[in-house]
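# Structural overview
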Amino acid sequence: MDRRKFVTHTTLAAAGILASGNLSAFAIKNDEMLMNQNQKYRPLSTSGLGGVAAGNGFHENPDKDVNEALAAAWNSGVRYYDTSPWYGLGLSERRFGHFLRNQKREEFTLSTKVGRVLTGDKDFELKDGLWKGKLNFKYHYDYSAAGIRRSIEDSLQRLGLPYLDIVYIHDISPDNGDMKENWVKYFDEALKGAMPELTKMRKEGIIKAWGMGVNTIEPAVKAIEQADPDIILSATQYSLIKHEDALNKLFPVCEKSGVSVVVGAALNAGFLAGVDRYDYSGKFPEGVKEKLAKLTAIAKKHNTDLRTAALQFSAAPKFVSAVIPGAWNAGQATANAESFSAVIPAAFWDDLKSQKLIAANAPTPVKK
């Protein structure tokens with residue numbers, strides 16, 4: 001099946017889900033998606049679920065809790081699920097697949113990532129790493145055409161699903177501790193190998209869309225300028241705490257190219273939800289705790305849940321097609337999904353702008 005037929009299929013699937021009443025109205029953000037078949041691929045719902053917790057990110061999470069989180073997200077109308085071979089060295093994909101294989105495949109969007117290929121190793125450990133518990137696999141980087149195709153085949157096996165919707169080229173970025181300033185070398189490998197191969201697989205119908213999944217802006221912009229991505233997963237770059245660079249450097253490039261943005265870490269890895277951590281490094285940048293205190297005070301003044309406001313803020317720009325907060329239990333998953341349909345007073349956003357806590361040109365939610 002060629003790419004145009006896949007986009008048409010996705011459009012019709014979204015329309016069918018809406019008509020059936022199985023998906024709450026807030027989940028489909030852009031009505032144009034149902035009318036413009038030439039638009040680049042977008043997930044079925046704005047409200048998504050990220051897979052870090054399913055990979056035992058930060059702490060070990062029992063299978064039962066993760067499965068209940070997935071079920072709660074589904075029952076709350078979430079239809080976009082994002083995972084990666086990197087998350088728990090295959091664990092997140094196995095857990096997502098265990099749940100999603102029982103759902104109708106055309107009724108959800110699934111994304112995973114490429115760039116790290118896994119091989120079995122019963123003794124492998126990540127010293128001071130994000131993933132907790134026994135891993136059983138080690139990894140190596142491979143952004144070649146052959147490496148990308150193998151990675152996708154491996155992911156499909158772990159997931160137990162017949163095809164992927166979105167594939168992100170993962171972590172080619174200066175913040176990657178394995179790469180640092182050498183990230184450009186890996187990018188050049190991906191430009192020659194991964195990107196043409198993913199474009200080929202898109203034409204073949206193995207995937208519907210591809211893009212970059214990175215925590216910094218420069219690699220995303222570079223990919224849009226030099227290749228043909230459909231979508232960008234930009235993590236840690238567009239939140240209430242930090243958003244100016246994405247707003248002024250990434251979004252204009254996306255607008256010109258028709259590429260949409262999926263926002264990862266909209267809560268800064270739980271920081272905006274009251275967790276004592278910031279992003280994934282374990283370090284608190286200067287001023288973030290002070291800004292959080294100010295945001296919290298204004299939220300309290302307007303009787304507004306700050307976590308809800310943070311999720312809605314990240315979803316507000318027209319270039320954002322989805323937001324994918326993580327959850328490791330049912331309560332978190334339900335609360336996050338419900339946040340996208342909550343009503344926040346306009347005065348809350350006015351206060352944030354008047355006190356210069358968010359950029360003057362930052363879009364804010366408008367309820368129809």
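Here's what I pulled together on the structure shown here.

### A few points about the overall build of the protein chain
A count of helices and strands for the protein chain gives 12 helices and 10 strands. Among the 368 residues that make up the protein chain, the fraction classed as buried is 57%. The contacts in the protein chain between residues at least 6 apart in sequence include a share of 75% that link residues at least 24 apart. About 15500 Å² of surface is accessible on the protein chain, with carbon and sulfur atoms providing 51% of the total.

### Digging into the sheet that holds strand 9 (residues 260-264)
Within the open sheet, the 8 strands sit side by side as 1-2-3-6-7-8-9-10. Their pairing is parallel. Edge positions in the sheet fall to strand 1 (48-50) and strand 10 (320-323), since each of these pairs with one other strand and no more. The average undirected angle you get between the axes of adjacent strands in this sheet is 25 degrees. Here 5 bridges tie strand 8 (residues 231-235) to strand 9, and the two strands are oriented parallel to one another. If you follow Leu 233 over to strand 9, its bridge partner there is Val 262. Across the face of the sheet, helix 4 (residues 145-159) comes into contact with strand 3 (109-114) and strand 6 (166-170) while running at roughly 135 degrees to strand 3.

### Some thoughts on the nonpolar core
Judged by nonpolar contacts, the single largest core of 89 residues is most densely connected at Tyr 81, Ile 152, Ile 169, Ile 172 and Leu 240. Membership of the second largest hydrophobic core comes to 10 residues, among which are Tyr 41, Ile 166, Ala 209 and Ile 324.

### Some words on the packing of aromatic side chains
Using the criterion set out here, one finds 22 aromatic pairs in the structure. Relative to Phe 187, the ring of Trp 183 has its centre 6.2 Å away and its plane inclined at 80 degrees; by these criteria the two rings are edge-to-face. With Trp 183 and Phe 187 both in helix 5 (residues 183-192) and 4 residues apart, this pair spans about one turn of that helix. Phe 187 gets classed as buried once you look at its relative accessible area, which sits at 0%. Ring geometry for Phe 348 against Trp 349: centres 4.9 Å apart, planes inclined by 75 degrees, an arrangement best described as edge-to-face. One exposure class covers both Phe 348 and Trp 349, and it is buried. One residue, Arg 105, lies across the ring of Tyr 163, its end atom 4.2 Å from the ring centre.

### A closer look at the environment of Ala 315
Its location among the elements puts Ala 315 in helix 10 (residues 306-315). When the C-alpha atoms of Ala 315 and Val 263 are compared, they prove to be 7.7 Å apart, with 52 residues separating the residues in sequence.

### Points about the packing of helix 5 against helix 6 (residues 194-204)
Contact pair helix 5 / helix 6: the axes reach a minimum separation of 3 Å and the direction vectors enclose 35 degrees. Seen from helix 5, the contacting residues are Phe 187, Glu 189, Ala 190, Leu 191 and Lys 192; seen from helix 6, they are Ala 194, Met 195 and Pro 196. Looking at side-chain class alone, the contact of helix 5 with helix 6 contains 6 nonpolar, no polar and 2 charged residues.

### What to know about the side chain of Asp 279
Tracing the backbone through its elements, the reader meets Asp 279 in the loop between strand 9 and helix 9 (288-301). One buried charged side chain, Asp 279, makes no salt bridge at all; its nearest oppositely charged neighbour is Lys 242, positioned 6.0 Å away. With near-sequence residues (within four places) excluded, Asp 279 lies in contact with Phe 58, Thr 236, Asn 268 and Ala 269.

### Quick notes on the environment of Ser 257
Mapped onto the secondary structure, Ser 257 falls in helix 8 (residues 244-257). Leaving out residues up to four positions away in the same chain, Ser 257 has contacts with Lys 40 and Ile 224. Polar side-chain contacts of Ser 257 include one of 3.4 Å to the backbone nitrogen of Val 259.

### Some remarks on helix 10
The α-helix advances 3.6 residues per turn, and as a result positions three or four apart in sequence lie on the same side. Counting buried positions over the 10 residues of helix 10 gives 10, a clear majority of the element. Buried within helix 10 are the following residues: Leu 306, Arg 307, Thr 308, Ala 309, Ala 310, Leu 311, Gln 312, Phe 313, Ser 314 and Ala 315. Close packing links the buried residues of helix 10 with strand 9, helix 9, strand 10, helix 11 (330-339) and helix 12 (346-354).

### Overview of helix 2 (residues 63-75)
In this model, helix 2 (13 residues) spans 18 Å end to end at C-alpha, consistent with the 18 Å of a helix rising 1.5 Å per residue. Listing the buried residues of helix 2 in full gives Val 66, Ala 69, Leu 70, Ala 72, Ala 73 and Trp 74. Backbone geometry just after helix 2 places Gly 77 at a positive phi near 100 degrees.

### Some words on the pattern of salt bridges
In the structure shown here, the tally under the stated rule is 19 salt bridges. We note a salt bridge from Glu 93 to Arg 158, for which the minimum N-O separation is 2.5 Å. One end of the pair, Glu 93, is in helix 3 (residues 91-100); the other, Arg 158, is in helix 4, and 65 residues separate them in sequence. Relative accessible area serves as the criterion here: at 0%, Glu 93 is assigned to the buried category. Note that Arg 116 and Asp 171 form a salt bridge whose closest N and O atoms lie 3.0 Å from each other. Of the two residues, Arg 116 sits in strand 4 (residues 116-120) while Asp 171 sits in the loop between strand 6 and helix 5, which places them 55 residues apart along the sequence.

### Comments concerning the packing of helix 7 (residues 218-226) against helix 8
In a pair of packed helices, the angle between the axes and the distance between the axes together describe the arrangement. Closest axis-to-axis distance for the helix 7/helix 8 pair is 10 Å, and the angle between their directions is 20 degrees. On the basis of the axis angle, helix 7 is roughly parallel to helix 8. Our pair here, helix 7 against helix 8, has a crossing hand that is left-handed. Between helix 7, through Ala 220, Val 221 and Ile 224, and helix 8, the contact on the second element is made entirely by Lys 249, Leu 250, Val 253, Cys 254 and Ser 257. Residues of the contact of helix 7 with helix 8, tallied by class, amount to 6 nonpolar, 1 polar and 1 charged.

The rules we used
- Residues numbered from 1 in each chain as written.
- Predicted model: local features only at pLDDT ≥ 70, side-chain atom pairs only at ≥ 80, totals over all residues.
- Heavy atoms only, no water.
- Helix = DSSP H or I, 4+ residues; strand = E, 2+ residues; numbered from the N terminus.
- Buried < 20%, exposed > 50% of the residue type's maximum accessible area, 1.4 Å probe, protein only.
- Contact = heavy atoms within 4.5 Å.
- Areas by Shrake-Rupley, 256 points an atom, 1.4 Å probe, with all protein chains shown as cover.
- Pairing = 2+ DSSP bridges.
- Axes fitted to C-alpha atoms, helices over the stretch in contact; angles between N-to-C directions.
- Core = buried A, V, L, I, M, F, W, Y, C linked by side-chain atoms within 4.5 Å.
- Phe/Tyr/Trp six-rings, centres within 6.5 Å; stacked < 30°, edge-to-face > 60°.
- Lys NZ or Arg CZ within 6 Å of the ring centre and 35° of its normal.
- Nonpolar A, V, L, I, M, F, W, Y, C, P; charged D, E, K, R; others polar.
- Lys, Arg positive; Asp, Glu negative; His and termini not counted.
- Salt bridge = Lys/Arg side-chain N within 4 Å of Asp/Glu carboxyl O.
- Polar contact = N/O pair within 3.5 Å; in protein donor to acceptor, adjacent residues only side chain to side chain.
- Expected span 1.5 Å × (residues − 1).
- Parallel < 35°, antiparallel > 145°, perpendicular 65-115°, else oblique.
- Left-handed = near helix turned anticlockwise from the far one by under 90°.

Such coordinate-based values are descriptive only and should not be taken to indicate function.
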